[in-house]
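Each chain, letter by letter, is given below.
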Amino acid sequence: MNWYRIKTALVGLRRLAELSDEDKQACIDAYKFFQRMQDGAPTQTADEMKAVADYYKVLNNLLSVFDLEKLYIPPQLDESQGLYGNQLLCEQAVLKDLALREPGRSHLLDMGCGRGRISYHFATLTGGRVSGYNIDPNQIESAIDWAAECGMNSRLHFKVGNHHEPLEYDSGTFDGCFSFQAVWPFFKKEELDAHAGEMYRVLKPGARYACSEYLLTPHFDWSDEEHVRLHKAYLPTLAATQSMYPADVCAALKGAGFEVVVSAPSRRPAWPICEQKRDLILRGRKVVRALEAIRILPPWIEESLDLLQSGGEAWTAAEKAKIADLNWRIVAEKPR
Ligand SMILES: C[S@@+](CC[C@H](N)C(=O)[O-])C[C@H]1O[C@@H](n2cnc3c(N)ncnc32)[C@H](O)[C@@H]1O
């Protein structure tokens, strides 16, 4: 284990300990909300957004303790590498898909940027600028601190923002935009067009959108009881609220004016890495129990780790059956 991982885990624990009682209660409420959603209760997007922000406020710190600082599971592109190495490979592939003409002069947009570590990676690879937004101020605070620590304030810009509102950037600003398991799992079908339109607006002509996103595959069948059972079990584990088909997203992108260059399944499955992480979290439960005992963590966290376990098993089954994909690839281009 290297120094950066130890430091990240310690900072995660400190940030968990510093959360206010209101934050902890809001996270518990969000967790219960997801359970009600899972049981089929109809929900409003505004309530879903609040629950997502409240939940991620705790989850991002909790998972950073388990070396999941970038909150997504990549495909296992290289079996000799772990989660982090495969995240880097996945990010390099998405950057390649953006086909930047002048990387060093580029300005990219990271949608749902989490703690800004993917933006940082892109900025180091291109030599250019990256802006990112996220609904959760806690993650944005971590991203801003990290940019300052790396001396990259002039090239990394983070702010609170919401996919469901007009993007707070001028039209034609970006040479490319990208997302990693952060955009489409939070939209109902009828809401896709508005965000696709915003993406189109903020990109320059000729610029591309590329992603690695959770989507159902065309084989998922809502009338198949087993598909529905697996979906119900794994969705809260992904901390996602919705499941779209690639065709839904591509239709919205085309409707906004994009040309869809690629819409394809992940190059490799993610479940082997999900299973590695599940094992790590299982081992970490002793630590969680101890922290609950001294009241640093609220008692429901262990329960939510249980959910991660059972949801993780359902995810593996769904991915093996090829009915859902954590890293569906879409590349879309705004015509010149
Ligand atoms: C699975 S995580 C991926 C985060 C990031 N891309 C990464 O890999 O670290 C999903 C992210 O989407 C963010 N998110 C969810 N709904 C959002 C919304 N409506 N607007 C902006 N960000 C949102 C969450 O706060 C979370 O950081």
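For the structure, check the block above.
This text gives an overview of the structure that appears in the document.

1. Let's talk about the packing of helix 4 (residues 83-98) against helix 5 (residues 117-126)
Then, in step 1: At a closest axis distance of 11 Å, the pairing of helix 4 and helix 5 adopts a crossing angle of 60 degrees. One way to sum up the angle between helix 4 and helix 5 is to call them oblique. Handedness of the crossing formed by helix 4 with helix 5: right-handed. Note on element contacts: helix 5 touches helix 4 through I118, H121, F122 and L125, opposite L88, E91 and L95.
Then, in step 2: Here the contact of helix 4 with helix 5 is composed, by residue class, of five nonpolar, one polar and one charged.

2. Comments concerning helix 9 (residues 246-256)
Then, in step 1: Every buried residue of helix 9 is accounted for by P246, V249, A252, L253 and A256. One side of helix 9 holds all its buried residues, which, seen down the axis, span an arc of 135 degrees.
Then, in step 2: Buried residues in helix 9 make contact with helix 7 (192-202), strand 5 (203-216), strand 6 (259-264) and strand 7 (324-333).
Then, in step 3: Downstream of helix 9 by a residue or two, G257 has a phi angle that is positive, lying close to 120 degrees.

3. Digging into the nonpolar core
Then, in step 1: Core analysis: the largest hydrophobic core is formed by 87 residues, its most contacted members being Y55, C177, F178, M199 and V249.
Then, in step 2: With near-sequence residues (within four places) excluded, V249 lies in contact with W184, L192, L215, M244 and I330.

4. Describing the sheet that holds strand 7
Then, in step 1: Reading across the sheet, the seven strands line up as 3-2-1-4-5-7-6 and stay open at both edges, with mixed pairing between neighbours. For this open sheet the edge positions go to strand 3 (156-160) and strand 6, each flanked by a neighbour on one side alone. This sheet shows a mean twist of 15 degrees between the axes of neighbouring strands, independent of strand direction.
Then, in step 2: Sheet topology note: the strand 1 (residues 107-111)/strand 2 (residues 129-134) ladder contains five bridges and is parallel. By the bridge assignment, L108 is partnered in strand 2 with V130.
Then, in step 3: Where helix 4 meets the sheet, its contacts fall on strand 4 (174-180), strand 5 and strand 7, and the angle it forms with strand 5 comes to roughly 145 degrees.
Then, in step 4: Across the sheet, helix 6 (residues 137-149) lies against strand 2 and strand 3, angled at about 165 degrees from strand 3, the strand it touches most.

5. So, the site of the ligand
Then, in step 1: Near the ligand, the surroundings consist of 20 residues, among which L71, G112, G114, I135 and A182 are the closest.
Then, in step 2: Top contributing element to the shell around the ligand by residue count: helix 3 (residues 45-65), with three residues.
Then, in step 3: Residues belonging to the shell around the ligand are distributed by class as follows: 10 nonpolar, eight polar and two charged.

6. Some details on the environment of Q81
Then, in step 1: For Q81, the position within the fold is in the loop between helix 3 and helix 4.
Then, in step 2: For Q81 and H227, which are 146 residues apart along the polypeptide, the C-alpha to C-alpha distance reads 31 Å.

7. A word on the packing of helix 7 against helix 9
Then, in step 1: Interaxial distance between helix 7 and helix 9 falls to 8 Å at its minimum, and their mutual angle equals 50 degrees. One way to sum up the angle between helix 7 and helix 9 is to call them oblique. The way helix 7 lies across helix 9 gives a crossing that is right-handed. Contact with helix 7, carried on its side by L192, D193, A196, G197, M199 and Y200, involves D248, V249, A252, L253, G255 and A256 of helix 9 and no other residues of that element.
Then, in step 2: For the contact of helix 7 with helix 9, the per-class residue count stands at eight nonpolar, two polar and two charged.

8. A short note on unusual backbone geometry
Residues other than glycine predominantly adopt negative phi, and peptide bonds predominantly adopt the trans conformation.
Then, in step 1: Of note in this structure, A99 is not a glycine but carries a positive phi near 45 degrees.
Then, in step 2: The backbone of K322 shows a phi angle near 55 degrees, a positive value even though the residue is not glycine.
Then, in step 3: Looking at where K322 falls in the secondary structure, it is placed in the loop between helix 11 (300-320) and strand 7.

The rules behind each value
- Residues numbered from 1 in each chain as written.
- Predicted model: local features only at pLDDT ≥ 70, side-chain atom pairs only at ≥ 80, totals over all residues.
- Axes fitted to C-alpha atoms, helices over the stretch in contact; angles between N-to-C directions.
- Helix = DSSP H or I, 4+ residues; strand = E, 2+ residues; numbered from the N terminus.
- Parallel < 35°, antiparallel > 145°, perpendicular 65-115°, else oblique.
- Left-handed = near helix turned anticlockwise from the far one by under 90°.
- Contact = placed C-beta atoms within 7 Å.
- Nonpolar A, V, L, I, M, F, W, Y, C, P; charged D, E, K, R; others polar.
- Buried ≥ 20, exposed ≤ 12 C-beta atoms within 10 Å, placed from the backbone.
- Arc of directions from axis to C-beta.
- Core = buried A, V, L, I, M, F, W, Y, C linked by C-beta atoms within 7 Å.
- Pairing = 2+ DSSP bridges.
- Near = placed C-beta within 6 Å.

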